[in-house]
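For reference, the chains in residue letters:
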Amino acid sequence: MFRRFSQGGYLGVDIGTASIKMVELGPPLAGRPILRNYGLLENQAHLERLNAAIQTSSLKLVEKDTADLLSALLHQFNPKTKEVVASLPSFSAFTSLLDLPEIPDEELAQTMRYQAKTFIPLPLSEVAIDWIKTGEYVDEKGLKKQQVFLISVPQEVIKKYEAVFKAAGLHLIALEVEGLSLARVLTQGDSVQTLIIDIGARSTAILVAQNGFLKYSAQTDFAGGSLTQSVARGLGISVRRAEGLKLQKGLLGQGGEYGLSTLMLPFLDVIIGEAKRAVNIYEKNYGGKIERVILSGGGANLLGLDRYVSQIFNLPAVKADPWRFINFPPETAPLLSNLGAPLAVALGAALREQTGT
């Protein structure tokens, strides 16, 4: 499913559990692609009905509903290109970072298929396998080793995505796990080992990335919707009202508003606990030290979250800023600052050709 982009531009599409995000980038100017357009379509029904999500961690994508939503977004978006790179949520793939001796590429292909058998709970005939070399090092015995990130996606999932984009009149030229998109747009050219916490509506991806490469991936079903539900139950209000209060006050409430943050913190701490566990696993098994946290996804806009996460991890924690690779009108900067975290996956997917990774 991989080929070169056309020169007319390219679309990055992120189909989340409760929203679709799309970015169109035009041909580069001074080495950076131009932002042509962006769009977000949110399905807020998921706040009230658990079965209203576009897709869930049980790997179910609601094809017709998703195609209809995508078509509605396209009607407003009106892109100049039909060629798409789309992201897959972390829960749709099986991934593993492998330490291997340096071997020729033809031997590596055979090795990857053998390794895949050990951790993929499906027959290899039912999955698509890919891998990316993420680094080299010399071990304590002086032997040269390489790190290879192995990715496997069920063929059933790929076919569903192909059907959705075909029904919407788009040409799907590549699918990639969302962690690859985020690693590219948030850490390209940056050697700092970074923990990325991507908080969506119904799922949170927990990633480790460096130099534009994804090194580790995990996920939890606790996410932004969990925080909203906790506020709704605690205050006895509708989930839509709770969502509005969450966005308005975040963790920065004072006086009587302080109760809002205390309602959310137990669920937020579960997400952070899963992230700390991922850090421990990565540092123990793969070496190196996490030096920074980047908060991504719509949940990253929760006021005060960066400060709270920084205190918990005792590390710098910042909201994702994926615009450094993009040319855009300076007057749009104030608006785009709050859209960077939600659009980071779509931007990373659209940048796939530009960076060559």
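Everything quoted here is computed from the prediction, not taken from an experiment.

Observations concerning the overall build of the protein chain
Then comes step 1: Within the protein chain, the regular secondary structure consists of 11 helices and 13 strands.
Then comes step 2: Taken over 357 residues, the protein chain has a buried fraction of 52%.
Then comes step 3: For the protein chain, the accessible area works out to roughly 16100 Å², and carbon and sulfur atoms hold 52% of it.

Comments concerning the confidence of the model for the protein chain
Then comes step 1: Here the protein chain shows a mean pLDDT of 87. Residues at 70 or above account for 90%.
Then comes step 2: Taken as a whole, residues 1–6 scores under 50 in pLDDT and shows 23 contacts with residues more than four places along the chain or in a different chain.

Observations regarding the pairing of strand 2 (residues 19–29)
Then comes step 1: Across the 11 residues of strand 2, 8 count as buried, placing the element largely inside the fold.
Then comes step 2: Across 6 bridges, the pairing between strand 1 (residues 10–15) and strand 2 is antiparallel. Bridge pairing in strand 2 places valine 13 opposite methionine 22.
Then comes step 3: The loop that links strand 1 with its antiparallel partner strand 2 comprises 3 residues.
Then comes step 4: As defined by bridge partners, strand 2 adjoins strand 3 (residues 32–42) across 9 bridges and the pair is classed as antiparallel. Its bridge partner lying in strand 3, isoleucine 20 is registered against leucine 41.
Then comes step 5: Between strand 2 and strand 3, which pair antiparallel in sequence order, lie 2 residues; one of them, alanine 30, sits at a positive phi of approximately 55°.

Describing the sheet that holds strand 2
Then comes step 1: Read across the sheet, 5 strands follow the order 3-2-1-4-8 without closing on themselves; strand pairing throughout is mixed. Among the strands making up the open sheet, the edge pair consists of strand 3 and strand 8 (171–177). Sheet twist, expressed as the mean angle between neighbouring strand axes with direction ignored, is 20°.
Then comes step 2: Against the sheet, helix 4 (residues 178–187) makes contact with strand 4 (83–88) and strand 8, and its axis sits at roughly 80° relative to strand 8, the strand it touches most.
Then comes step 3: On top of the sheet, helix 10 (residues 340–350) reaches strand 1, strand 2, strand 3, strand 4 and strand 8; it is set at about 45° to strand 2, its chief contact.

Some thoughts on the nonpolar core
Then comes step 1: Residues Leu25, Leu70, Phe165, Leu195, Ile197, Val293 and Phe313 are the most contacted members of the largest nonpolar core, which totals 91 residues.
Then comes step 2: No other element matches helix 7 (residues 258–286), which puts 10 residues into this core.
Then comes step 3: Once residues lying within four places of it in the same chain are set aside, the contact partners of leucine 70 are Val13, Ile20, Met22, Val164, Phe165, Ala168 and Leu170.
Then comes step 4: Membership of the second largest hydrophobic core comes to 11 residues, among which are Leu98, Leu108, Met112 and Val127.

Structural notes on the packing of aromatic side chains
Then comes step 1: Throughout the structure, instances matching the rule amount to 3 aromatic pairs.
Then comes step 2: Ring centres of phenylalanine 222 and phenylalanine 267 lie 6.3 Å apart, and the angle between their planes is 40°; this geometry places the pair in the tilted category. Here phenylalanine 267 lies in helix 7 and phenylalanine 222 lies in the loop between strand 11 (213–220) and helix 5 (224–235), a separation of 45 residues in the sequence.
Then comes step 3: Taking the relative accessible area as the measure of exposure, phenylalanine 222 reaches 33% and is therefore partly exposed.

Reading the values: rules and limits
- Residues numbered from 1 in each chain as written.
- Predicted model: local features only at pLDDT ≥ 70, side-chain atom pairs only at ≥ 80, totals over all residues.
- Heavy atoms only, no water.
- Helix = DSSP H or I, 4+ residues; strand = E, 2+ residues; numbered from the N terminus.
- Buried < 20%, exposed > 50% of the residue type's maximum accessible area, 1.4 Å probe, protein only.
- Areas by Shrake-Rupley, 256 points an atom, 1.4 Å probe, with all protein chains shown as cover.
- pLDDT = per-residue confidence, 0-100.
- Contact = heavy atoms within 4.5 Å.
- Pairing = 2+ DSSP bridges.
- Axes fitted to C-alpha atoms, helices over the stretch in contact; angles between N-to-C directions.
- Core = buried A, V, L, I, M, F, W, Y, C linked by side-chain atoms within 4.5 Å.
- Phe/Tyr/Trp six-rings, centres within 6.5 Å; stacked < 30°, edge-to-face > 60°.

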